[in-house]
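# Observations on the model geometry
Letter by letter, the chains look like this.
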Number of protein chains: 2
Amino acid sequence: MSRARCKIGVVAPASRMSADVATRVPALAARLYPDRTPEIVFHPQCFASHGHFAGDDETRASAFLDFANNEGYDAVWFARGGYGSCRLVETIMRGLTETSKRKAYLGYSDAGMLLAALYRAGFEGVAHGPMAQDILRNAGDSAVARALAWMIDRAPEALEPIVVGAKKTAAFNMTVLDHLLGTPFEPDLDGHVLMLEEVGEAMYRIDRSLFHITSNANVRRVSGIMLGRCSRITPNEPDFGMNEEEIAQYWCRRAGIPWLGRADIGHDTDNKIVPFGPWL
Amino acid sequence: MSRARCKIGVVAPASRMSADVATRVPALAARLYPDRTPEIVFHPQCFASHGHFAGDDETRASAFLDFANNEGYDAVWFARGGYGSCRLVETIMRGLTETSKRKAYLGYSDAGMLLAALYRAGFEGVAHGPMAQDILRNAGDSAVARALAWMIDRAPEALEPIVVGAKKTAAFNMTVLDHLLGTPFEPDLDGHVLMLEEVGEAMYRIDRSLFHITSNANVRRVSGIMLGRCSRITPNEPDFGMNEEEIAQYWCRRAGIPWLGRADIGHDTDNKIVPFGPWL
């Protein structure tokens, strides 16, 4: 970082953040970095509410642009997932200035929509990893500490282990990637190790997602697929007959995509950092 | 039809068919067409079982090809939806012969995957409409009667009303179209009235599907979008703040796609027939 203290701006382009995140995360940061405590600013928009979302589309897009286009911030950190980034992506991409290119963007799940668009636009500090609200998970401090270690120091120990050796990497929630493919925000995945995770879906939906993803010509140019954790899988009626790893291997084989095993990512506190593109 | 008696072959490329469909559907057909009762043959595969599916992938694909490539059949009728057609589409498309082009294909929901691939391959008798298992719905006879009227006589009264005046039409379950876009089976939708229906999804998922669908360059060439019924919508937490029609209008407006109102299709007995392509 160019500054003694890293300045992190938290925004919520999807669902509303819980209020206590704004006290617990800075307290943890102060404990972890007593001599160079990062300044963590929660945009008031994080606490706004509009139907499903943390404020209406305009409010959320403006908040993102406030921090992304502000030279004072080193990182734009997603408060949480949920749903809503796809409604903003066009407005945000149109509103970003040169300043926005020189900072980090960290999130996962629904945030993948914006991470993809930023990466496609040539941003170099985009990464898939823990968000502020992960502090509410059981033992959530470890996830947030990892996010801070990446945003503050680009600490290699925060990374998914394959990142350092891979030419390029990218990571997505499967359903979010499903909804990116074929849109103007789909990034070029040629030569990337692609990591995929899922949460709260039935096994047949994981199968359907992996059909869709591995049938895509752009995705077929990846150097390989790794499967993150698929958590809170909902009941399949009748039993699907394959687990998520068998499904991923099946579709990789059919598509001629190298299967590279499991990735240490998912909707949990172990979720490691996966930068988009080459590492350093 | 070239024959006095229409011969219809029923296959189940997705989930398993209930056994009593095979007695109730022919009985209804005999009542409706006493002088020219169609011959309705249920492939044994309809009753097979393999995990989630009506038989394994090979069994289901073979069954479809048995009937599609057999000159004796005038129509291939989908037993039901569920999930599974995407696993077969590549094998089926590779196995079809010239004979298969000269018949009708009728189904909806998961079947949309195969309907799309057939239509893309130039098949002219592809339509979105009721399936055999719809007879189990309350007052399901009317849905099956409509399917028979189309397969036997191409009866105009079975059609969604806009079909006769439209240049070209197509209809899909939203989630199925989501998973088609960007695959080799995505049909050219240029100039089509595109009808979309949904079942069993939360409102935020309908919003996300419509983002994805209306952001696609191919879909943006449709002549307009009509919204079928969205039934059994699951709870949205918190309330989404828009209903499905407001959502569809919103995305049409953003994409510059003409909004053409509601379509008389859905996962119900009123589900009207929508041929793929031009009507006659």
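So, a few notes on the structure that sits alongside this text.

Cut-offs applied
Residues numbered from 1 in each chain as written. Chains lettered and ligands numbered in written order. Predicted model: local features only at pLDDT ≥ 70, side-chain atom pairs only at ≥ 80, totals over all residues. Heavy atoms only, no water. Axes fitted to C-alpha atoms, helices over the stretch in contact; angles between N-to-C directions. Helix = DSSP H or I, 4+ residues; strand = E, 2+ residues; numbered from the N terminus. Parallel < 35°, antiparallel > 145°, perpendicular 65-115°, else oblique. Left-handed = near helix turned anticlockwise from the far one by under 90°. Contact = heavy atoms within 4.5 Å. Nonpolar A, V, L, I, M, F, W, Y, C, P; charged D, E, K, R; others polar. Least-squares fit on C-alpha atoms with pLDDT ≥ 70 in both. Phe/Tyr/Trp six-rings, centres within 6.5 Å; stacked < 30°, edge-to-face > 60°. Buried < 20%, exposed > 50% of the residue type's maximum accessible area, 1.4 Å probe, protein only. Lys NZ or Arg CZ within 6 Å of the ring centre and 35° of its normal. Salt bridge = Lys/Arg side-chain N within 4 Å of Asp/Glu carboxyl O.

So, about the packing of helix α7 (residues 203-214) of chain B against helix α8 (residues 244-255) of chain B. All names here are of chain B. Where α7 meets α8, the closest approach of the two axes is 10 Å, and the angle between their N-to-C directions is 20°. Here α8 runs roughly parallel to α7, going by the angle between their axes. Remark: the crossing between α7 and α8 carries right-handed chirality. Contacts between α7 and α8 pair M203, I206, D207, L210, F211 and T214 from the former with E244, I247, A248, W251 and A255 from the latter. Taken together, the residues that form the contact of α7 with α8 break down as eight nonpolar, one polar and two charged.

It is worth spelling out the relation of the copies chain B and chain A at this point. The transformation that overlays chain B on chain A combines an axial shift of 0.0 Å with a rotation of 180°, and the residual RMSD is 0.0 Å. Considering both components of the superposition, the chain copies are consistent with a two-fold axis. Residues of chain B ranked by C-alpha distance from the rotation axis are headed by G182 of chain B, positioned 2.6 Å from it. Interface overlap between copies: 100% of the residues of chain B at the interface are likewise at the interface in chain A, consistent with a symmetric, same-surface contact.

Evaluation of the coordinates by the stated rule reveals 24 aromatic pairs over all chains. Pairing Y83 of chain A with Y204 of chain B gives two aromatic rings, centres 5.6 Å apart and planes at 45°, and the pair type is tilted. Of this pair, Y83 of chain A sits in the loop between β3 (75-78) and α3 (89-95) while Y204 of chain B sits in helix α7, on two different chains. Both residues of the pair, Y83 of chain A and Y204 of chain B, belong to the buried class. Linked through ring pairs, F53 and Y83 of chain A together with Y204 and F240 of chain B together constitute an aromatic cluster. The aromatic ring of W150 of chain A is capped on one face by R154 of chain A, whose charged end is 4.5 Å from the ring centroid.

A full pass over the atoms with the stated rule returns 28 salt bridges over all chains. Residue E90 of chain A is joined to R94 of chain A by a salt bridge in which the shortest nitrogen-to-oxygen separation is 3.7 Å. On the criterion of helical spacing, the pair formed by E90 of chain A and R94 of chain A is a turn pair, its members being four residues apart in helix α3. Of the charged contacts in the structure, one is a salt bridge between D268 of chain B and R229 of chain B, with a shortest N-O distance of 2.5 Å. Residue D268 of chain B is found in the loop between β9 (259-262) and β10 (274-275), and its partner R229 of chain B is found in strand β8 (residues 224-231); the two are separated by 39 residues along the sequence. Given a relative accessible area of 16%, D268 of chain B falls into the buried group. Through salt bridges with shared partners, one network takes in D57, R60 and R87 of chain A together with D207 of chain B.

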